[in-house]
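Residues per chain are reported as follows:
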Amino acid sequence: MALNKSMHARNRYKDKPPDFAYLAGKYPEFQQHVQTTLTGRVSLNFKDPEAVRALTCTLLKEDFGLTIDIPVERLIPTVPLRLNYIHWVEDLIGHQDAGERVVRRGIDIGTGASCIYPLLGATLNGWYFLATEVDDMCFNYAKKNVEQNNLSDLIKVVKVPQKTLLMDALKEESEIIYDFCMCNPPFFANQLEAKGVNSRNPRRPPPSSVNTGGITEIMAEGGELEFVKRIIHDSLQLKKRLRWYSCMLGKKCSLAPLKEELRIQGVPKVTHTEFCQGRTMRWALAWSFYDDVQVPSPPSKRRKLEKPRKPITFMVLASTVKELSIKAAAMGWDAVEAIAVVRAWVEKILTDLKVQHKRVPCGKDEVSLFVTAIENSWIHLRRKKRERVRQLRELPRASEDVLQAMEEEKNSQKSESNNSGCENSKTEDSEMGIMVPDEGVHLTTGDELPEESAAKEECGEHVKEETETKQGETSLGKGSSNAKEESCSSEESSNLTVEKEQSPKETSRCFLFKCLMNVKKEGKDVLVEMHWVEGQNRDLMNQLCTYLRNQILRLVAS
């Protein structure tokens, strides 16, 4: 599967791959390597090193004005991959945000015969480069390529001893602070690994291109893992001599142990990325000892941030909005507009649920609320109420004689003093753990006992919902025990609420989720959107959305 869509956003080949037919017509040295099918499709044999070299030289000439020579016996770089690395280094050092006059200096460890990274960096961005090389043939070709492109004032190619990475290369550059280093290390530890034996998943198709390169370019003791670890150990000594250290990796399995090594060594800034092009994928690791550098997000996190998430929505129809407006006017609210009416009812429901919310700036013709849910107060309310009632029923109850004696005592106290006597008797009742209505007085669900009313105000939605749904069914006089039990459960809920309110710091330490709620017009209707921000579980937001919708519908039905 082609990976071109995942190329770096600024890579010129992302949306416009090379036109082989056009290039073949313009460059005769490239034309001799292309093949044209009967249908007119032009293709290239990527297993032919001569063809791969011709493509690289042609692209550098056509798109960057660079003329290079590469021996077939040495590594032939692919231009889109190298360009991906250059653009990522631009992101690391903030090249796009800096002015043109800012001088950037970089190091290319093992520049190769093509010297492609310094040539691209100098041509595109005017960067200064120190390019190191251990192989004689590669050194000579690299020096020649720099000179024939008139870039000797920006690129310095130096020959270094075997196994030399950064320390020896910077001995003569003691006063210079470099912005970055780049490296395309030898990927393999031995010949068998280079041929894919015991190192390539057998389910993967074979490579679509030829593997060129000298011994020092493709193999090193311990492979890329040990090679990059040596760079890490050099960086621990050099530290702030370079703002960013970076390396390309040929195997994804090398990424985790190298990141762990950096963690063990206490390196403060670490990031990584993926280079995608054609059928090839590479990885890169970067680290810094500077605190003020901007760290680009890894590709996995970046994709998650960029991936649009559909909001959870529900629609409030125009007829429903009209009924809600009537009820809002009856309650003395100022809301007139459809959006304001729905917003007011949503805010009331959230307040009853004790869900934190505040209005935030938004666009025209909409209202936005930032919602923070601390606890799940909207699920299974009826079941929780029934469970409390069931538990109260199992408590031991007073005998009929005791109830009658208490009733007589309460009536006598009422005759002595209306207010004080009533309070005393109810205090005694509450001490006994029961609530008894006055004998012979029938209370409907609209007439509540003083204690029950107060408790229900404390409880909020838990009891209010139950009261509204039972309205007009029966009087409490037919079943005084139900009134007693509901009252007790209300008091119990009230006590729990008070206890929770006494420790707000505990509830503010964590939250279930946060979301942004938008209320806006959709024709004559009103649309409510809930956009996920962060939290434990997205399903919780879905539950709250369903509860809000059902409560609004229930308001109209009642």
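Our subject is the structure listed above.
Described in the following lines is the structure provided in the data block. (Residues numbered from 1 in each chain as written. Predicted model: local features only at pLDDT ≥ 70, side-chain atom pairs only at ≥ 80, totals over all residues. Heavy atoms only, no water.)

**Topic: the sheet that holds strand E13 (residues 513-522)**
Reasoning step 1: One open sheet holds the 5 strands; their spatial order is E10-E14-E13-E12-E11, and the pairing between them is antiparallel. Lying at the two open borders of the sheet, with one neighbouring strand each, are strand E10 (312-316) and strand E11 (356-360). For this sheet, the mean inter-axis angle between neighbouring strands, taken without regard to orientation, is 20°.
Reasoning step 2: Pairing geometry for strand E12 (residues 366-373) and E13, over 8 bridges, is antiparallel. Of the residues in E13, the one forming a bridge with Phe 370 is Leu 516.
Reasoning step 3: Each of E10 and strand E14 (525-535) touches helix H12 (residues 318-330); the most contacted strand, E10, lies at about 70° to it.
Reasoning step 4: Packed onto the sheet, helix H21 (residues 538-557) meets E10, E12, E13 and E14 and runs at close to 5° relative to E10. (Pairing = 2+ DSSP bridges. Helix = DSSP H or I, 4+ residues; strand = E, 2+ residues; numbered from the N terminus. Axes fitted to C-alpha atoms, helices over the stretch in contact; angles between N-to-C directions. Contact = heavy atoms within 4.5 Å.)

**Some remarks on the pattern of salt bridges**
Reasoning step 1: Taken as a whole and assessed by the stated rule, the structure comprises 16 salt bridges.
Reasoning step 2: Residue Arg 10 is joined to Asp 91 by a salt bridge in which the shortest nitrogen-to-oxygen separation is 2.8 Å. In this pair, Arg 10 is assigned in the segment before helix H1 (20-26) and Asp 91 in helix H4 (residues 79-93), connecting sequence segments 81 residues apart.
Reasoning step 3: For Arg 10, a relative accessible area of 32% puts it in the partly exposed group.
Reasoning step 4: The class for Asp 91 is partly exposed, based on a relative accessible area of 28%.
Reasoning step 5: Ionic pairing is found between Glu 62 and Lys 26, a salt bridge with its closest N-O pair at 2.9 Å. Here the residue Glu 62 occupies a position in helix H3 (residues 49-64), and Lys 26 occupies one in helix H1, the gap between them amounting to 36 residues.
Reasoning step 6: Among the residues examined, Glu 62 registers a relative accessible area of 23% and is labelled partly exposed.
Reasoning step 7: Judged by relative accessible area, which is 41%, Lys 26 ranks as partly exposed. (Salt bridge = Lys/Arg side-chain N within 4 Å of Asp/Glu carboxyl O. Buried < 20%, exposed > 50% of the residue type's maximum accessible area, 1.4 Å probe, protein only.)

**Details of H21**
Reasoning step 1: End to end, H21 covers 29 Å across 20 residues, agreeing with the expected 28 Å (1.5 Å per residue, within 8%).
Reasoning step 2: Regarding H21, its N-cap is Asn 537, as a side-chain oxygen of that residue lies 2.9 Å from the backbone nitrogen of Asp 539 further along. (Expected span 1.5 Å × (residues − 1). Polar contact = N/O pair within 3.5 Å; in protein donor to acceptor, adjacent residues only side chain to side chain.)

**Here we look at the sheet that holds strand E4 (residues 128-133)**
Reasoning step 1: Strand order in the open sheet made by the 7 strands is E5-E4-E3-E6-E7-E9-E8, with mixed pairing throughout. In the strand order of this sheet, the two ends are held by strand E5 (155-159) and strand E8 (269-277), each with one partner. When strand polarity is set aside, the average angle formed by the axes of neighbouring strands in this sheet is 20°.
Reasoning step 2: Taken together, the 9 bridges between E8 and strand E9 (residues 280-288) define a ladder with antiparallel strand orientation. By the bridge assignment, Lys 269 is partnered in E9 with Ser 288.

**A look at the nonpolar core**
Reasoning step 1: Counting residues in each nonpolar core, the largest one holds 55 residues, and the members touching the most others are Phe 30 and Ile 155.
Reasoning step 2: Excluding residues within four positions of it along the chain, Phe 30 makes contact with Phe 20, Leu 23, Ala 24, Leu 44, Ala 54, Leu 55 and Thr 58.
Reasoning step 3: Of all hydrophobic cores here, the second largest spans 40 residues; its members include Ile 312, Val 321, Leu 324 and Leu 555. (Core = buried A, V, L, I, M, F, W, Y, C linked by side-chain atoms within 4.5 Å.)

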